[in-house]
Amino acid sequence: MGDLLDLLAVWMPRQRWYGTKGRDPRLTVVADWTLDADTRLLLVRDEAVQPAIVYQVPVARRPEGSVPPGSLIGPASDDDVWADATTDPGFTDQLYSWVTVGGEVGTPENGFLGIALASPGPRVPAPRATAKVLSGEQSNTSLIFRPATADGAEADAQDAGIPVICKLFRQVNPGINPDVELQSALAAGGAAFVPAAIGEVRGSWVTPEGVPVSGSLAFAQEFFAGVEDAWRVALDAAAADEDFAARAHALGASVAGMHVALAAQFPTREPDDADRAAVAGAWERRLSIALAEVPALDPYADRIREVYAVAAAAPWPALQRVHGDLHLGQVLDTAANGWVLLDFEGEPLRPIAERLQPDVAVRDVAGMLRSFDYVSGAVADDDGAAVRAWVIAAQQAFLAGYAETAGPDRAVDDALLAAFELDKAVYEAIYETRNRPDWVGIPLAAIGRLAPLT
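Everything numeric here is computed off the predicted structure, so don't read it as measured data.

> Summarise the packing of helix H9 (residues 362-378) against helix H12 (residues 441-450); cite the residues concerned and give the values.
As a packed pair, H9 and H12 sit with axes 9 Å apart at the nearest point and diverge in direction by 120°. The orientation of H9 relative to H12 falls into the category oblique. Remark: the crossing between H9 and H12 carries right-handed chirality. When H9 is examined against H12, the residues Arg-370, Asp-373, Tyr-374 and Gly-377 are found in contact with a partner set consisting of Ile-442, Pro-443, Ala-446 and Arg-449. Here the residues of the contact of H9 with H12 are counted per class, giving four nonpolar, one polar and three charged.

> So, the packing of helix H6 (residues 273-293) against helix H11 (residues 414-435): which residues are in play, and what are the values?
Pairs of packed helices are described in terms of their axes, by the angle between the two and the distance that separates them. For the pair H6 and H11, interaxial distance at closest approach is 9 Å and the crossing angle is 35°. Along this stretch, H6 crosses H11, giving a crossing that reads as left-handed. The segment H6 lies against H11, with Val-279, Trp-283, Arg-286, Leu-287, Ile-289, Ala-290 and Glu-293 engaging Leu-416, Ala-419, Phe-420, Asp-423, Val-426, Tyr-427, Ile-430, Thr-433 and Arg-434. Here the residues of the contact of H6 with H11 sort into 11 nonpolar, one polar and four charged.

> Run through the nonpolar core, naming residues and quoting values.
One recurring pattern in soluble globular proteins is that nonpolar side chains are buried together. Phe-244, Leu-251, Phe-372 and Trp-390 are the most contacted members of the largest nonpolar core, which has 71 residues in total. The element best represented in this core is H11, accounting for 10 residues. For Phe-244, the residues in contact, after removing those within four places along its chain, are Val-233, Ala-234, Ala-237, Trp-339, Phe-372, Trp-390 and Ala-394.

> Break down the environment of Val-340 for me, with residues and values.
With respect to the element layout, Val-340 can be found in strand E16 (residues 338-341). Along the backbone, Val-340 and Pro-174 are 166 residues apart, and their C-alpha atoms lie at a distance of 28 Å.

> Any details on H6? Residues and values, ideally.
The terminal C-alpha atoms of H6, which comprises 21 residues, lie 30 Å apart, in line with the 30 Å expected from a rise of 1.5 Å per residue. Within H6 the residues assigned to the buried category are Asp-275, Val-279, Trp-283, Leu-287 and Ala-290. Projected onto a plane normal to the axis of H6, the buried residues spread over an arc of 105° and lie on a single side. Seen from the open side of H6, the exposed residues pointing more than 90 degrees away from its buried face are Asp-273, Ala-274, Arg-285 and Ala-292. At its buried positions, H6 is contacted by helix H7 (301-313) and H11. The opening residue of H6, the one whose side-chain oxygen lies 3.1 Å from the backbone nitrogen of Ala-274, is Asp-272.

> Can you explain the packing of aromatic side chains? Please cite residues and give values.
Tallying each qualifying case throughout the model produces 12 aromatic pairs. Their ring planes at 25° and their centres at 6.0 Å tell us that Tyr-374 and Trp-439 sit as a pair that is stacked. Here the residue Tyr-374 occupies a position in helix H9, and Trp-439 occupies one in the loop between H11 and H12, the gap between them amounting to 65 residues. Residue classification places Trp-439 among the partly exposed positions, given a relative accessible area of 24%. Put simply, the rings of Phe-244, Trp-339, Phe-372, Trp-390 and Phe-398 touch in pairs and so form one group of aromatic residues. Residue placement shows Arg-321 over the ring face of Phe-266; its charged tip is 5.4 Å from the ring centre. Here the guanidinium or amino end of Arg-436 rests over the ring plane of Trp-439, the centre of that ring lying 4.3 Å away.

Cut-off values and rules
Residue indices begin from 1 for each chain and proceed along its sequence in written order. With the structure being a predicted model, the display of local features is reserved for residues of pLDDT at least 70 and the display and counting of side-chain atom pairs for 80 or more, all residues being used for whole-chain, interface and lining totals. Note that water and hydrogens are dropped before the side-chain values are worked out from all heavy atoms of the structure. Here the axes come from fitting lines to C-alpha atoms, over the contacting stretch only for helices, and the angles between their N-to-C directions go from 0 to 180 degrees. Strands are runs of DSSP state E lasting at least two residues, helices are runs of H or I lasting at least four, and both sets are numbered from the N terminus onward. Angle categories: roughly parallel below 35 degrees, roughly antiparallel above 145, roughly perpendicular from 65 to 115, and oblique for all the rest. Here is the rule for handedness: rotate from the far helix to the near one, and if that takes an anticlockwise turn smaller than a right angle the crossing is left-handed, while a clockwise turn gives right-handed. In this description, contact between two residues means that some pair of their heavy atoms is separated by no more than 4.5 Å. When residues are grouped by polarity, Ala, Val, Leu, Ile, Met, Phe, Trp, Tyr, Cys and Pro land in nonpolar, Asp, Glu, Lys and Arg in charged, and all others, Gly among them, in polar. To define a nonpolar core, start from buried Ala, Val, Leu, Ile, Met, Phe, Trp, Tyr and Cys residues and group those joined through side-chain atoms within 4.5 Å. Note on classification: 1.4 Å probe, protein chains only; a residue is buried when its accessible area is under 20% of the maximum for its type, exposed when over 50%, partly exposed between these limits. Under the convention used throughout, the expected extent of a helix is 1.5 Å for every residue step, that is, one less than its residue count. Starting at the helix axis, one direction is taken to each C-beta atom, and the arc is that of these directions. Pairing of N or O atoms within 3.5 Å defines a polar contact, subject to two protein rules: one partner must be a possible hydrogen donor and the other a possible acceptor, and residues neighboring in sequence count only if both atoms are side-chain atoms. Under the pairing criterion, centres of Phe, Tyr and Trp rings, with the six-membered ring standing for Trp, must be within 6.5 Å; the plane angle then separates stacked pairs below 30 degrees from edge-to-face pairs above 60, leaving the rest tilted. Geometrically, a lysine NZ or arginine CZ counts as sitting over a ring once it is within 6 Å of the ring centre and also within 35 degrees of the ring normal.

Interpretation note: all reported values are geometric properties and have no functional meaning in isolation.
Next comes the structure, spelled out in structure tokens:
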């Protein structure tokens, strides 16, 4: 195991899902499930950062030369190598079986993998499927399973079963992942604005303190093939100067429907002084970082803090479970279900304990408004006036759709919405300064509108 850990310490920092960039991993094994003679599912603890992060790493031992490009971890022997098992049929077939049929590996004494099957409704997955890793994902690894024939070829028949997408969580935490918890609850409640839930893989392990825990390892749901996300749909509409008001209105209704359903299915509570102080403190911490890294924000600092102060004293709605990281890229445009919302994990960089707590629903509304605003920076326009008008119309239609579905009891307070929009724009200014300096004008312009200088 020591040799494999040494190989992983070199391989993991090159993966997009590895969260501790710039440091050498310090790895120990948390759990080691043997799936067959040459395939193992590992949980490894990285203590290069505190608190330590537990990663899920399935590995396969295969003959040298048989491993797909990009999957090689390193040598296992003179003739064999270790590879990332997410590209290996031996592992992906097992994963598909777990989430569609069920099963268990291991014992309560040494940790086990247990499978919790959801009810997929009238459409069910195929008995067998081909697997393909979804490219471009940042924090996890998702596999698309398409119906297959008995000989392993991809099936063409529409009644062969629905395609499935299974997200393998790379960072693993004790407890149920909010992506699993919220989407499963919404789907079970009959919501058409989330995919059908298929099944979940859970594992148990023991912490360094000797405490037995369990957590989500993978989550499978219906896959919508041949669709585009709302970001691409919005970009195309803005570039063609097509009226998007009706689509934006429907999207606002879907987001409001999500909030109404989550408030009905999970506990809510009235915010107290500590809640307000925690949110306001997060706003101030983010602003302090931004002022240190984005000099163009200096003239707006006092006005930003004034907006935050007004919001802190404004009426707040009851706190409830929310999406937590909502933007146009988290929404699919489907023919059968309309807008479908995805990825309920929340902001990946926030601690899991925070993402599981009730929050202010306005956070999701602000995130979507900021996402619409980014269309103005991504669409070429000679003077910017036309695309800016398109963005304003889409934002207003979105808010109208949200208000109509949410109802008067859940009306969005303007001061609170402005503060959450502003906080999001401040975060964007930091991100763009660090990663895409040519784009920093988008959040800076928004800050100028939300906190105008007198």
